[in-house]
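Chain by chain, the residues:
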Amino acid sequence: MQTLTITSFQQVIDRHKSLIGAILSEEGLDESDLAEVTPEQFVEYVSDATHVLAQSPLWSSDHETMEAAHVHLTDALGRSDSDPAKAVLLDTASRHLDGIDTTDFNS
């Protein structure tokens, strides 16, 4: 059985806020804007990042990966903290986001 490394929304946010901030920098957002976000806000930012990545064929693989992460995060939002599937969804979403290279989006 796989050990989950990410089990909360806050862990996902902390681990990936620099990635989302870098992707959304053209939209006037940066990592500091993600310092105090709710899970719902973070999922919305991931959705926004998905739309940004969809605008360029150069990022098609990253777009698909971000889209998969967004689906898992959205599903996790609807689950209670006591639902073991929530941790699995969060960990899976985080692994998808790990697959996107932040340096591709840094100016």
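Residue numbers run consecutively from 1 along every chain, following the written order of its sequence. Given that this is a predicted model, residues contribute local features only at a pLDDT of at least 70 and side-chain atom pairs are listed and counted only at 80 or more, while totals for whole chains, interfaces and linings are drawn from all residues. The basis for every side-chain value is the complete set of non-hydrogen atoms in the structure, without hydrogens or water.

1. Focus on the packing of helix 1 (residues 9–23) against helix 3 (residues 60–77)
Here is step 1 of the chain: Here the axes come from fitting lines to C-alpha atoms, over the contacting stretch only for helices, and the angles between their N-to-C directions go from 0 to 180 degrees. Numbered from the N terminus, helices here are DSSP runs of H or I no shorter than four residues, and strands are runs of E no shorter than two. At a closest axis distance of 14 Å, the pairing of helix 1 and helix 3 adopts a crossing angle of 145°. The way helix 1 lies across helix 3 gives a crossing that is left-handed. On helix 3, the residues touching F9, V12, L19, I20 and I23 of helix 1 are M66, L73, A76 and L77.
Here is step 2 of the chain: Of the residues in the contact of helix 1 with helix 3, the class split is nine nonpolar, no polar and no charged. By convention, the crossing between two helices is left-handed when the near helix turns anticlockwise from the far helix through less than a right angle, and right-handed when the turn is clockwise. Contact criterion: two residues are considered in contact whenever any of their non-hydrogen atoms come within 4.5 Å of each other. When residue character is reported, Ala, Val, Leu, Ile, Met, Phe, Trp, Tyr, Cys and Pro are called nonpolar, Asp, Glu, Lys and Arg charged, and the others, Gly included, polar.

2. Things to note about the pattern of salt bridges
Here is step 1 of the chain: By convention in these notes, a salt bridge is any Lys or Arg side-chain nitrogen within 4 Å of a carboxyl oxygen on Asp or Glu. Counted by the stated rule, this structure contains five salt bridges.
Here is step 2 of the chain: With a shortest N-O distance of 3.0 Å, R15 and D98 are connected by a salt bridge. With R15 in helix 1 and D98 in helix 4 (residues 84–98), the pair connects residues that are 83 residues apart, well separated along the chain.
Here is step 3 of the chain: Note on R15: relative accessible area 46%, which makes it partly exposed.
Here is step 4 of the chain: In this structure, R95 and D91 form a salt bridge, with 2.7 Å as the shortest nitrogen-oxygen distance. Taken together, the positions of R95 and D91, both in helix 4 and four residues apart, correspond to about one turn of that helix.
Here is step 5 of the chain: Residue exposure (1.4 Å probe, protein chains only): buried if accessible area is under 20% of the type maximum, exposed if over 50%, otherwise partly exposed. By relative accessible area, D91 is classed as buried at 1%.
Here is step 6 of the chain: A single salt-bridge network, built from bridges that share partners, covers D75, R79 and D83.

3. Re the side chain of S56
Here is step 1 of the chain: By secondary structure assignment, the location of S56 is in the loop between helix 2 (39–54) and helix 3.
Here is step 2 of the chain: Between N or O atoms, a polar contact is any pair within 3.5 Å; within protein, one atom must be a potential hydrogen donor and the other a potential acceptor, and residues adjacent in sequence are included only when both atoms are from side chains. At a separation of 3.1 Å, a polar atom in the side chain of S56 contacts the main-chain amide nitrogen of L58.

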